[in-house]
Amino acid sequence: MHVTAIDILILGIYGVMVLGIGFALRGRMQNSSEFLLAGRHIPAWTAGLAFLSANLGAQEMIGMAASGAKYGIATSHFYWVGAIPAMVFVGVFMMPFYYGSRARSVPEYLKLRFDEKTRAFNALTFAVMTVFSSGISMFAMGTLLSLLLGWNIHACIVVSAVIVLCYIALGGLTSAIYNEVLQFFLIVFGFAPVVYLGLREIGGWQGLRARVPEAYMHSWTGMGSAATNPLGVEWFGMLMGLGFVLSFGYWCTDFLVVQRAMAADSMNAARRTPLIAAFPKMFFPFLVIVPGIIALGLTMNGVPLLPTAAAGGYDYNMALPMMMARYYPAGLLGLGLTALLASFMSGMAGNVTAFNTVWTYDLYQSYIKPGQNDRHYLLVGRLTTVVGTAISVGAAYMAMRFNNIMDMLQLVFSFVNAPLFATFLLGMFWRRTTGHGAFCGLVAGTAAAAGHYQLTATAGGGSLVDKLAVLRVYPSDMAQNFWGAIWAWTACFVVTILVSVATRPKPDAALKGLVMGLTPHSDDSAVAWYLRPALLGIVVLACTALLNVIFW
Amino acid sequence: MGMDLRLPIGLLFLTYGVLLAGYGALRPHDVQGINVNLIWGGVLALFGAAMLFLAERLRRADKRGAPRR
């Protein structure tokens, strides 16, 4: 790709704009709640688009286009099954407890609902996880830019990290959220021409259909058995593993996204946040997956867009960059690169702001130095931005040196994440759940996920660790991952119930606002009908069901 | 709120739109028979202008003291 002066100018204007937003907000950061919680005055539509953007890292954009080229329309399961239902659930059913409890973070909710050890477990694992994942995506971004443009990878990493650091250190969570909305529009406008020009070249939707194997154009046909679809997983494992455990575990409990809704200006706005995000989310497959399929279609028909990978087969990760290189002249290329950079920054800022809040409130204020005045915690919040970014950069360099360690870490994180939703489900909807139950359940679920990984293998796939024994061989990594999550969730669910029954629950008075039955119903009768979360949820689900049918 | 987010979004996209469309008009480069810079620059400028218009309308309403949704 050849970058010219106008492309650099477009990138530069973007840099100035995001820093400008940080500067404009810096005067408002008078206390820790403004800095770390955005003062809880973000309007619903802003919080909603930020909720979506924080999840749209560059890895997601590149990775989903790659999966589109590798698996076809079936990749949309990650949206229509693996995201939308969970987004509706967190908005309609869980937000009343998160927002109503006035907890400042997800770990703090666990402390209020259960006890100190459950909070500490969640806060620690989450804090480590966020800085490492932002480091990994920083590394991925640096690699991509140096590969595409021949830029220096160190400069890419440091410059983008410093920009994110500046706008968060200046304007805190508000600045991150405002920039995420800006980034959302950049991502949409930056990638949309790829879809249009690609479809135009390949002869529209019908042309695309004619140029890729039939299985790539369906989301559900062939899901009856792992052998008859490109994902290598059957419908039950997909529905339960991805659609239930992993998706609900991420969208309903991950503070990175939930934080955006918790910053909303009212209970109604907080509940609508994930629902507003769900509308664009359901159409994202057209923006990110379709270019991947077009790249495959062109490659299979004499336009060698996808390069060959070292291990044989295509290098799918190049799908989106190669499409941009094909269609974007100087000018538009600058916009496309800005969109890529924007997606990276929004993902990283999401990690950094969530880390700030959890470190400052859940770890520092709770265990290291309690009882200080608010100015102290504001300062700690700002310093944490610097330290968190520095650790992320360190993690990026670690990823550069020791690829295996990072893969290993991500694997361990997946063990911790898988059971979480069982803890929240029981905690929010069954008042008998106890702190000991929740903690033992989480530990058991994590152990079950690790044990499952130890005892299973994938056909033809390598492994990061030596296996104790192989009891089952899955047809694909995805099937192993989904089934591991199902086992972890079930173990956590069962153990939490068993230990809870055997231990003493908190008195009802201590659970007000935290559990169903002891929390007043949110009254939506005062708001206009089109602002009611339940109705919006039904509309979102109906549209998603329709998309599934259309692309069956 | 302090800052209306529509303002920076509108400014950024209007700038990008004018820049791209201008560049496309001066140095036409057709992709698939379309001058993409010119057309897409126009779309971005329209979006940016619409955002600025909304921000301005809200600012005037605020000045008059009308209740904000």
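Each chain carries its own residue numbering, running from 1 in the written order of its sequence. As they are written, the chains are lettered A onward and the ligands numbered 1 onward, keeping that order. Where totals are concerned, whole chains, interfaces and linings use all residues; where local detail is concerned, this predicted model gives features only for residues with pLDDT of at least 70, and gives and counts side-chain atom pairs only at 80 or more.

Student: Run through the overall build of chain A, naming residues and quoting values.
Tutor: The secondary structure listing takes helices from DSSP runs of H or I that are at least 4 residues long and strands from runs of E that are at least 2 residues long, numbered from the N terminus. Of regular secondary structure, chain A possesses 21 helices and 2 strands. What the globule rule says is 2.2 Å times the number of residues to the power 0.38, and the radius of gyration is computed from C-alpha atoms. What you see for chain A is a C-alpha radius of gyration of 23 Å, in line with the 24 Å of a compact globule of 552 residues. When the backbone C-alpha atoms are referred to their principal axes, chain A occupies close to 70 × 55 × 50 Å. Across the 552 residues that make up chain A, the buried fraction comes to 59%. Here the contact rule is simple: place C-beta atoms from the backbone, and any two residues whose C-beta atoms are within 7 Å are in contact. Taking contacts inside chain A between residues at least 6 apart in sequence as the whole, the part at least 24 apart equals 82%. Residues with at least 20 neighbouring C-beta atoms inside 10 Å of their own are called buried, those with 12 or fewer are called exposed, and the rest are partly exposed, where every C-beta is derived from the backbone.

Student: Before we move on, could you go through the overall build of chain B and cite the residues and values that matter?
Tutor: Looking only at helices and strands, chain B has 2 helices and 2 strands in total. Order of helices (α) and strands (β) in chain B, N terminus to C terminus: α-β-β-α. Counting across all 69 residues of chain B, residues that qualify as buried make up 33%. Within chain B, contacts between residues separated by at least 24 positions form 61% of all contacts whose residues are at least 6 apart in sequence.

Student: Explain the interface of chain A and chain B residue by residue, including any values.
Tutor: Facing 24 residues of chain A, the contacting portion of chain B comprises 20 residues. At the level of elements, helix H1 (5-25), helix H9 (153-202) and helix H15 (332-368) of chain A are the ones that each hand at least two residues to the side of chain A that touches chain B. It is H9(A) that provides the largest number of residues to the side of chain A that touches chain B, a total of 9 residues. Residues were grouped as follows: Ala, Val, Leu, Ile, Met, Phe, Trp, Tyr, Cys and Pro as nonpolar; Asp, Glu, Lys and Arg as charged; and all remaining residues, including Gly, as polar. Broken down by class, the residue content of the side of chain A that touches chain B amounts to 18 nonpolar, 3 polar and 3 charged.

Student: Would you mind going over H15(A) in detail, with residue names and values included?
Tutor: The span one expects for a helix is its residue count, reduced by one, times 1.5 Å. Under the 1.5 Å per step criterion, the end-to-end length of H15(A) is 50 Å for 37 residues, consistent within 8% with the ideal 54 Å. At A:Trp359, H15(A) shows its strongest bend, of approximately 35°. Bend, in this description, refers to the angle at a residue between axes fitted to the seven residues ending there and the seven starting there.

Student: Kindly report on the confidence of the model for chain B, identifying the contributing residues and their values.
Tutor: Low-confidence regions, as indicated by low pLDDT, have predicted coordinates that should not be scrutinised in detail. All names here are of chain B. Summary statistics for chain B give a mean pLDDT of 87 and a share of 90% for residues scoring 70 or more. Ranking the helices and strands of chain B by mean pLDDT puts helix H1 (residues 6-26) first, with 93, and strand E1 (residues 30-31) last, with 84. If you check the scores for this complex, the pTM reads 0.90 and the ipTM reads 0.92. Known as pLDDT, the predictor's confidence for each residue is given on a scale from 0 to 100.

Student: Quick rundown of the environment of A:Gln206? Include the residues and the values.
Tutor: The topology assignment puts A:Gln206 in helix H10 (residues 204-211). When the C-alpha atoms of A:Gln206 and A:Pro507 are compared, they prove to be 62 Å apart, with 301 residues separating the residues in sequence.

Student: Which residues make up the environment of A:Gly68, and what are the values?
Tutor: All names here are of chain A. By the element assignment, glycine 68 lies in helix H4 (residues 58-71). For the pair glycine 68 and lysine 506, spaced 438 residues apart in sequence, the C-alpha to C-alpha distance is 48 Å. Apart from residues lying up to four places away in sequence, glycine 68 is in contact with Thr75, Val288, Ile289, Val290, Pro291, Gly292, Ile293 and Ala319.

Student: An account of unusual backbone geometry is requested, with residue identities and associated values reported.
Tutor: Residues other than glycine seldom take positive phi values, yet A:Ala38 does so here, at roughly 60°. Structurally, A:Ala38 is set in the loop between helix H2 (32-37) and helix H3 (44-55). A positive phi angle, close to 55°, is found at B:Gln32, a residue other than glycine. Tracing the backbone through its elements, the reader meets B:Gln32 in the loop between E1 and strand E2 (34-35).

Student: Could you give me a rundown of the packing of H1(B) against helix H2 (residues 36-64) of chain B, with the residues and numbers involved?
Tutor: All names here are of chain B. Relative orientation of the contacting elements H1 and H2 amounts to 155°, with a least axis distance of 7 Å. Compared by their axis directions, H1 and H2 come out roughly antiparallel. Both H1 and H2 take part in a crossing whose hand is left-handed. Grouping the constituent residues of the contact of H1 with H2 by class yields 22 nonpolar, 7 polar and 1 charged. Lines fitted to the C-alpha atoms define the axes, with helices restricted to the stretch that makes contact. Angles between their N-to-C directions range from 0 to 180 degrees. Roughly parallel here means an angle under 35 degrees, roughly antiparallel means over 145, roughly perpendicular means 65 to 115, and every remaining angle is called oblique. Crossings are classed by handedness, with left-handed meaning an anticlockwise turn of the near helix from the far one by less than a right angle and right-handed meaning a clockwise turn.

Student: Which residues make up the packing of helix H6 (residues 84-100) of chain A against helix H11 (residues 235-253) of chain A, and what values go with them?
Tutor: Residue and element names in this part refer to chain A. Where H6 contacts H11, the two axes come as close as 8 Å, and the packing angle between them is 55°. Between H6 and H11, the interaxial angle falls into the category oblique. In this structure, the crossing between H6 and H11 has a hand that is right-handed. Contacts between H6 and H11 involve Pro85, Ala86, Met87, Phe89, Val90 and Met94 from the former and Gly243, Ser247, Phe248, Trp251 and Cys252 from the latter.

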